[in-house]
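The residues making up each chain are set out below.
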Amino acid sequence: MAIIAASHKRVIVQGITGREGLSRARLMLDYGTQVVGGVTPGKGGQEAAGVPVFDSVKQACAELGNVDISVLFIPAPLVRSAALEAIDAGIKTLVIVPDRVPVYDVLEIDAAARQHGARFVGPNTLGVLSPEQAVLGMMGGRAAAIREWAFAGPVGITSRSGGITTSMAYYLARAGIGVSTAVHVGGDSIVGMPHARVLELFERDPQTRLVVMFGEIGTSQEEEAADLIERGLFTKPLIAYIGGKGAKEGTRFSHAGAIIEGGRGGHAGKVARLREVGAHIAEHFNDIPQIAADVLANLPAVKPAESTAKDPAQTWHTAITDIQPNAIRLRGRRLDALMGEVTFSQAIFLALTGHLPAAHVAPLLDAMFVSSIDHGTTPPSTLSARTAASTGAPLNAALAAGLLSINAFHGGAVEDAMRMIAAVQARMSQGMSLDDAAQALVEEYRAAKRVLSGLGHRIHTADPRTRQLLALAAECGVAAAGVDTIRALTAAFTRVTGKPLPINVDGALAAILYDLRIPPELGNAFFMIARTPGLVAHIMEEKTREKPMRVIYPNHAVYDGPEPE
Ligand SMILES: CC(C)(COP(=O)(O)OP(=O)(O)OC[C@H]1O[C@@H](n2cnc3c(N)ncnc32)[C@H](O)[C@@H]1OP(=O)(O)O)[C@@H](O)C(=O)NCCC(=O)NCCS
């Protein structure tokens, strides 16, 4: 599979008629990358490297159809507008090659990317290489040369040095070890995809079985990678090498981002933190291939997948399940091995995201599902399910009726609240403090008369589920920016209006899902999965206790179950 760069991804080059853009477009095509077009304002209608040139990214997308990736070869001062143009046109992955892009411009690109669900590698990146599939940017030279020093295999590389990204692939190849994808995250202090985000992608990539990370002094990228491991969000073996051991505080070591300031970002601290979470630390760069060989030798063997289709065009891919005689795998893990080992909610998380959360996160996930299993006879999903059941609909039809009633105004608050949290975080990446960003969002929503999802409740003034969920999130070490943000939003509301608006269960769920790096589109899925048992219970009760076609008065239900404990 590989990450970011792949043979099926359709790529455009912004700045394709420039010196570097043109020569690199040719090299990318030569290696097999699907470069389908390019953009240079004023040069639309021409051809470069054998592909059409357009005046704007929007035009390119309209003419070419789906475009997955844009690689930018544009001088630094013009990068901001070119990147925003690509994001605005709907491109979800950018590779920003140029160096010296102003930090403030990068922050603006980052904010726009977050808002549009896009991501970018760089700036100041050599690019991305998925051997035998595709190369993006300036990595490697001629295709024939790349083929000599990099072949496909199980090791992912994430590196803060361009030169070391390729050397690492070269040394691994000499030791007979192939690479899934090599990513140069970029040498600047602020980059679109720091190590931790690359590790998240490697976690979901079935081809990658082990990751080698080249870190450096400066920034908190390596510490964030360690946090990710500690939170159970990166579970594959990691070999880390940290450069800059001898650097003194205040001295820059090679790249713009490699500088220790105020005692932070030092070599010893990074090494200690990574060791603490179980990473393999390579003391010497040359040791890496041997450590990788040893780690790989101890991993269980995997059989390469083969298609049964006679016509290759009929082959399609799924990363969810793999069924072989006597072996059923979910996201690469044997179901029989998971049974009895992981909780149902851990397995749900695995199915939805591709990675298994650590055992210490399991009680939190269980609590999240428990918190939404049912909440009375009045919610529209319950009423719809009971109404359908009372008409004689079979279980599946009544359940579908219930699920179909979970929408923007019922159960949909989780997704909306996650987007609010992301919007506050996007403001923070533009330099605002958390409190200011939260207040700005509250004011904006109030001015537009929009509902602040995840806050306030018709009945509860201190929702007991919220308190329990947030306490568990803190206990499991999951609570991070998402939880801080929802707390900041409720505080901001009180500051602005003088009235309380407590965090409700949807807000707590949204904050935790955000901290678990779940995409907002899946937020409501968690609610629907949680609610399904409650709906089934209501349907069965309706069918077994009530007369068909009765008039249901939602507020007139009287509880007659077991005594409250
Ligand atoms: C990005 C970089 C490679 C461009 O250099 P270059 O190719 O020599 O620059 P050029 O001026 O020849 O080409 C830039 C092209 O972008 C075009 N361009 C400018 N704005 C544009 C936009 N918004 N959209 C599309 N194209 C645009 C220019 O018109 C120009 O094309 P033209 O020459 O046909 O007019 C260079 O600025 C750079 O940053 N080099 C360092 C890269 C590096 O080391 N990265 C880190 C590796 S570790």
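One can find the structure itself at the top, above this paragraph.
The structure displayed is predicted, hence computed values, not measured ones. (Residues numbered from 1 in each chain as written. Predicted model: local features only at pLDDT ≥ 70, side-chain atom pairs only at ≥ 80, totals over all residues.)

Chemist: Quick question: what am I supposed to make of the site of the ligand here?
Modeler: Close contacts around the ligand come from 26 residues, with Gly15, Thr17, Gly18, Glu20 and Pro98 the closest. For the shell around the ligand, the leading source of residues is helix H1 (residues 19-31), giving 3 residues. Taken together, the residues that form the shell around the ligand break down as 12 nonpolar, 10 polar and 4 charged. (Near = placed C-beta within 6 Å. Helix = DSSP H or I, 4+ residues; strand = E, 2+ residues; numbered from the N terminus. Nonpolar A, V, L, I, M, F, W, Y, C, P; charged D, E, K, R; others polar.)

Chemist: Looking at this model, I keep getting lost on the nonpolar core. Mind explaining?
Modeler: Taken as a class, soluble globular proteins show a tendency for nonpolar side chains to be buried jointly. Judged by nonpolar contacts, the single largest core of 94 residues is most densely connected at Leu72, Ala83, Val95, Ile96 and Leu136. Three or more residues apiece are contributed to this core by two domains, here domain 1 (1-121) and domain 2 (150-301). Dropping the residues within four chain positions of it, Leu72 is found in contact with Gln14, Gly15, Val79, Ala82, Ala83, Leu94, Val95, Ile96, Val97 and Pro98. Judged by nonpolar contacts, the second largest core, of 50 residues, contains Val361, Leu365, Leu472 and Ala508. (Core = buried A, V, L, I, M, F, W, Y, C linked by C-beta atoms within 7 Å. Buried ≥ 20, exposed ≤ 12 C-beta atoms within 10 Å, placed from the backbone. Domains from an automatic or database assignment. Contact = placed C-beta atoms within 7 Å.)

Chemist: What is the right way to look at the pairing of strand S4 (residues 51-54) in this model?
Modeler: Every regular strand shows the same layout, with side chains that alternate between the two sheet faces. Note: strand S2 (residues 34-39) against S4, 2 bridges, orientation parallel. Looking at the pairing, Gly38 lines up with Val53 of S4. The pairing of strand S3 (residues 47-48) with S4 spans 2 bridges and is classified as antiparallel. Bridge pairing in S4 places Ala48 opposite Val51. Between the end of S3 and the start of S4, which pair antiparallel, lie 2 residues, with Ala49 showing a positive phi angle near 55°. (Pairing = 2+ DSSP bridges.)

Chemist: Mind showing me how you'd approach the sheet that holds strand S13 (residues 238-243) here?
Modeler: Sheets are built from strands paired through backbone hydrogen bonds, the pairs being either parallel or antiparallel. Strands sit in the order S9-S8-S11-S10-S12-S13-S14 across an open sheet of 7 strands; the sheet is mixed. Each of the sheet's edge strands pairs with one partner strand only, and the pair in question is strand S9 (134-137) and strand S14 (280-281). In this sheet, S13 lies alongside strand S12 (residues 210-216) in parallel orientation, the contact comprising 6 bridges. Paired with Gly215 across the strands is Ile242, a residue of S13.

Chemist: So what exactly am I meant to see when it comes to the packing of helix H16 (residues 413-428) against helix H20 (residues 505-515) here?
Modeler: Any two packed helices are characterised by the angle at which their axes cross and by the distance between the axes. H20 packs onto H16 with a crossing angle of 55° between their chain directions and a minimal axis gap of 8 Å. Taken together, the axis directions place H16 and H20 in an arrangement best described as oblique. H16 and H20 meet at a crossing whose hand is right-handed. Facing Ala413, Val414, Ala417, Met418 and Ile421 of H16, the residues of H20 in contact are Asp506, Gly507, Leu509, Ala510, Ala511, Leu513 and Tyr514. Looking at the contact of H16 with H20, its residues break down into 10 nonpolar, 1 polar and 1 charged. (Axes fitted to C-alpha atoms, helices over the stretch in contact; angles between N-to-C directions. Parallel < 35°, antiparallel > 145°, perpendicular 65-115°, else oblique. Left-handed = near helix turned anticlockwise from the far one by under 90°.)

Chemist: Quick question: what am I supposed to make of helix H21 (residues 523-545) here?
Modeler: An α-helix turns once every 3.6 residues. As a result, residues three or four positions apart point the same way. Along its 23 residues, H21 runs 34 Å from first to last C-alpha, staying within 8% of the 33 Å computed at 1.5 Å per residue. Roughly 35° is the biggest bend found in H21, and it falls at Thr532, with proline Pro533 one to four residues downstream. Residues of H21 that are buried: Gly523, Asn524, Phe526, Phe527, Ala530, Arg531, Leu535, His538, Ile539 and Glu542. If you follow the buried residues of H21, they end up packed against helix H13 (362-371), helix H14 (380-390), helix H15 (395-404), H16 and H20. (Expected span 1.5 Å × (residues − 1). Bend = angle between axes of the 7 residues up to and from the residue.)

Chemist: Can you help me understand the sheet that holds strand S17 (residues 333-334) in this one?
Modeler: Strand order across the open sheet formed by 3 strands is S15-S16-S17, with antiparallel pairing between neighbours. Strand pairing shows two members of the sheet lacking a second neighbour, strand S15 (321-324) and S17, which therefore form its edges. Relative to S17, strand S16 (residues 327-330) is paired through 2 bridges, and the arrangement is antiparallel. Residue pairing in the sheet places Leu330 in a bridge with Arg333 of S17.

Without other data, these values stay purely geometric and don't point to any function.
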